[in-house]
Number of protein chains: 2
Amino acid sequence: LHEAAMEQAAQRISQLTKPPGSLGKLEETAVRMAGITGSLNPDLNKKAVVVMAGDHGVCEEGVSAFPQEVTTQMVQNMLSDGAAVNVFARQAGADVFCVDVGMREELADPRLIARNVRRGTDNIAKGPAMTRREAACAIWTGVETVRELAEKGYRLFATGEMGIGNTTPSSAVLSALTGIPVEANVGRGTGIDDFTLRRKRDVVMEALRVNQPDMTDALGVLSKVGGLEIAGLAGVVLGCAYLRLPVVIDGFISTVAALCATRIAPMSRDFLFASHRSQEKGHAAALESMELTPMLELGMRLGEGTGAVLAFTLLEASIRMMNEMATFESAGISKA
Amino acid sequence: LHEAAMEQAAQRISQLTKPPGSLGKLEETAVRMAGITGSLNPDLNKKAVVVMAGDHGVCEEGVSAFPQEVTTQMVQNMLSDGAAVNVFARQAGADVFCVDVGMREELADPRLIARNVRRGTDNIAKGPAMTRREAACAIWTGVETVRELAEKGYRLFATGEMGIGNTTPSSAVLSALTGIPVEANVGRGTGIDDFTLRRKRDVVMEALRVNQPDMTDALGVLSKVGGLEIAGLAGVVLGCAYLRLPVVIDGFISTVAALCATRIAPMSRDFLFASHRSQEKGHAAALESMELTPMLELGMRLGEGTGAVLAFTLLEASIRMMNEMATFESAGISKA
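First things first, this report covers the structure right here in the doc.

What counts and how
- Residues numbered from 1 in each chain as written.
- Chains lettered and ligands numbered in written order.
- Predicted model: local features only at pLDDT ≥ 70, side-chain atom pairs only at ≥ 80, totals over all residues.
- Heavy atoms only, no water.
- Helix = DSSP H or I, 4+ residues; strand = E, 2+ residues; numbered from the N terminus.
- Rg over C-alpha atoms; globule rule 2.2 N^0.38 Å.
- Buried < 20%, exposed > 50% of the residue type's maximum accessible area, 1.4 Å probe, protein only.
- Contact = heavy atoms within 4.5 Å.
- Areas by Shrake-Rupley, 256 points an atom, 1.4 Å probe, with all protein chains shown as cover.
- Lys, Arg positive; Asp, Glu negative; His and termini not counted.
- Charge placed at Lys NZ, Arg CZ, Asp CG, Glu CD.
- Core = buried A, V, L, I, M, F, W, Y, C linked by side-chain atoms within 4.5 Å.
- Pairing = 2+ DSSP bridges.
- Axes fitted to C-alpha atoms, helices over the stretch in contact; angles between N-to-C directions.
- Parallel < 35°, antiparallel > 145°, perpendicular 65-115°, else oblique.
- Nonpolar A, V, L, I, M, F, W, Y, C, P; charged D, E, K, R; others polar.
- Least-squares fit on C-alpha atoms with pLDDT ≥ 70 in both.
- Buried area = accessible area lost by both parts, 1.4 Å probe.
- Salt bridge = Lys/Arg side-chain N within 4 Å of Asp/Glu carboxyl O.
- Polar contact = N/O pair within 3.5 Å; in protein donor to acceptor, adjacent residues only side chain to side chain.

Considering the overall build of chain A
Secondary structure assignment for chain A yields 13 helices and six strands. Its C-alpha radius of gyration of 20 Å places chain A within 12% of the 20 Å reference for a compact globule of 336 residues. Considered along the principal axes of its C-alpha atoms, chain A spans approximately 70 × 40 × 35 Å. Expressed as a percentage of the 336 residues in chain A, the buried residues total 65%. Counted over contacts in chain A with a minimum sequence separation of 6, partners at least 24 positions apart contribute 76%. For chain A, the accessible surface area stands at approximately 11,500 Å², while carbon and sulfur atoms represent 49% of it. When the 33 basic and 39 acidic side-chain charges of chain A are each reduced to a single mean position, those positions are 1 Å apart.

Written as structure tokens, this is what we have:
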């Protein structure tokens, strides 16, 4: 991070017509945005939500409320601008980009960024999700997507995903990387009942027993018990960090992906902004594992990038605050 | 609330391409907005932040970090578009209206809505803040302000305030109305030190001892230990409820004012939306006393309406969600 820009930002904020620190997280955000971009008034005009899509062999264990074909159907819905993330992105002035990094079915649509690494993972309850090489390719897909969008002028990113069943590998990855017990971390995803929840817990435990992931090897964890879109999003975070671009992370899956990125390159943490605290059980713990605190508390559990894109306004508010507020001196106001 | 519109809203939301309930608070918000406005797609184009300004005789007890003249200086700053609330309002496409309901100094500025009821309150540590009649006039000022803005086409409101020292009467009002102990409820306001905090606690206790407010008489509580801008904001909430308009409340002072409104007219609770949970100590308890849960968690403690106006985007997102998302049927997506 650009230390000088951060100091300059903190200095400017201290002169604004408000009690010191009274804008809380918006002040921290503004200072870190200055540190990331090197500017007190960065151009955030072009904003991208990168939605990584992938399928999960573990769906055959019956861990999700929705059938697997919904991944493709929902990607189609996103491409047609009908999903929640599209609605919120339109409101925020952001563009949604869907990437097929690991969908089972081929979807011939020119609006889909076709970068399929493999057609869905294998069932993690029976063996590794994918090879180490495939996981690395999926990460690379995320990095490349950011690079290409940055070349087109995008300067603020949000992570999103679509992949029926993807809270199951996300829980496995979180437990594998942090040691958080599986029971504390497996949630209801899109809305499973108690019976399926117990089944899902058993499946995650079985995946960890069968694959024996090494917590110090994030790439190994991703390939053994992860998913292609999770790896892809880890790549989005790494790409943003490499190019010094701010990235807002969404819910449970995105946050687990970001955790993988910070294990691969710890400095990538500096470029992350948490958006919301979701209803999904493991999300709070995943955020805490990176010492991130969210700004929104909406009881959401949809994914897609919906929470992240809602937080764009707050990041922009923090920049506007730094640039548009009067100072004590300019407004002739007595200090405390 | 329009029950039929609420049912229709819930029905429509259940058909949208997302797991049931997965947008959490945004779904509740959309349903309640339909109930308030009677429409699934209400016009929220014109949005107003009403900032009530008043001064507090209790400042002579040394309870605030800022000198009392800052009330007038900050109102001037708001009229000149330099305060934080102006910046966030501009971003949200909302207009800020400052009302002098109880400022000590007269400010001759045509942009100020001049409705002074009296030039600041008396010191609540020594006697009542104002007469019962003055409190009623201040409430009426809030009602009238909403009526006039509604006539100009404003359809969504936020409450804001400016008044050096106003967390002190707000704490007294909250304790008087709810029985929450003073120690649990007095906070640092704009940023007082430990010594001043102890002093402030003593002052609030003294105000309650001297004035003996009756918890079942909200108007009496406001006149004995309240403030003119607090009463004015209670009027804004009552005016919104009377005209069936949604109102977003800001931090501690606004929330205490809303609590007064709900004690005067319990049905006004239906028209309130909480925005953020502030850093001010009593705010969480004030929200809980009305069973309101906030959407933003930004560690703010500025007031002015800053948190409320930041939440406008979230209310608008909830309406857009209801109107712009595809349905399972239109998008051809398999249900759970």
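Digging into the nonpolar core
Among the nonpolar cores identified, the biggest contains 126 residues, and Phe88 of chain A together with Phe88 of chain B are the most heavily contacted of them. Apart from residues no more than four positions distant in its own chain, Phe88 of chain B is found in contact with Leu23, Leu26, Ala317 and Met321 of chain A together with Thr306, Val309 and Leu310 of chain B.

Observations regarding the environment of Ala274 of chain A
Residues and elements named next belong to chain A. Mapped onto the fold, Ala274 is located in strand E6 (residues 272-274). By relative accessible area, Ala274 is classed as buried at 5%. In this structure the C-alpha to C-alpha distance between Ala274 and Leu302, which are 28 residues apart in sequence, comes to 16 Å. Dropping the residues within four chain positions of it, Ala274 is found in contact with Ile249, Leu287, Leu292, Thr293, Pro294 and Met295.

Observations concerning the pairing of strand E4 (residues 156-162) of chain B
All names here are of chain B. For E4, a buried count of seven out of seven residues is recorded, marking the element as mostly surrounded by other parts of the structure. Burial along E4 is two-sided: Leu156, Ala158, Gly160 and Met162 and Phe157, Thr159 and Glu161, pointing in opposite directions, are all buried. Inspection of the sheet shows strand E1 (residues 47-54) paired to E4 by seven bridges, in the parallel sense. When the sheet's bridge partners are listed, Val51 is paired in E4 with Gly160.

Observations regarding the packing of helix H5 (residues 132-151) of chain A against helix H8 (residues 218-225) of chain A
Residue and element names in this part refer to chain A. Viewed as axis vectors pointing N to C, H5 and H8 meet at an angle of 105°, and their least axial separation amounts to 8 Å. In this view, H5 runs roughly perpendicular relative to H8, as classed from their interaxial angle. Between H5 and H8, the contacting residues are Arg132, Ala135, Ala136 and Ile139 on the first element and Leu219, Gly220, Leu222 and Ser223 on the second. Partitioning the contact of H5 with H8 into residue classes produces five nonpolar, two polar and one charged.

A few points about unusual backbone geometry
One non-glycine residue with positive phi stands out, namely Arg244 of chain A, at about 60°. Looking at where Arg244 of chain A falls in the secondary structure, it is placed in the loop between helix H9 (228-242) and strand E5 (247-249). Residues other than glycine seldom take positive phi values, yet Gln212 of chain B does so here, at roughly 45°. Assignment of secondary structure puts Gln212 of chain B in the loop between helix H7 (194-211) and helix H8 (218-225). Relative accessible area serves as the criterion here: at 55%, Gln212 of chain B is assigned to the exposed category.

Considering the relation of the copies chain B and chain A
Its rotation angle being 180°, the transformation that places chain B on chain A also includes 0.0 Å of axial translation and leaves an RMSD of 0.0 Å. Within this description, the copies of the chain are treated as partners about a two-fold rotation axis. Using C-alpha coordinates, one finds that chain B approaches the rotation axis most closely at Leu296 of chain B, a distance of 2.3 Å. Same-surface contact between copies: 100% of interface residues of chain B are shared with the interface of chain A.

Description of the side chain of Thr313 of chain B
Along the chain, Thr313 of chain B turns up in helix H13 (residues 312-324). If we skip the residues at most four places from it in the chain, Thr313 of chain B touches Gln91 and Thr313 of chain A.

Regarding the interface of chain B and chain A
Listed by partner, the interface residues are 53 residues for chain B and 53 residues for chain A. Interface area for chain B against chain A, summed over the two sides, is near 4,400 Å², with a carbon-plus-sulfur share of 63%. When residues of chain B are sorted by the area they lose upon contact with chain A, Phe66, Gln91 and Leu298 of chain B head the list and together hold 13% of the total. Our count for the chain B to chain A interface comes out at two salt bridges. With its nearest N and O atoms 2.7 Å apart, the salt bridge here joins Glu324 of chain A to Arg90 of chain B. Summed over the shared surface of chain B and chain A, the number is 18 residue pairs in polar contact (both at pLDDT 80 or more). Broken down by secondary-structure element, the contributors of at least two residues to the side of chain B that touches chain A are helix H2 (24-37), helix H3 (70-79), helix H4 (84-92), H13 and helix H14 (328-331) of chain B.

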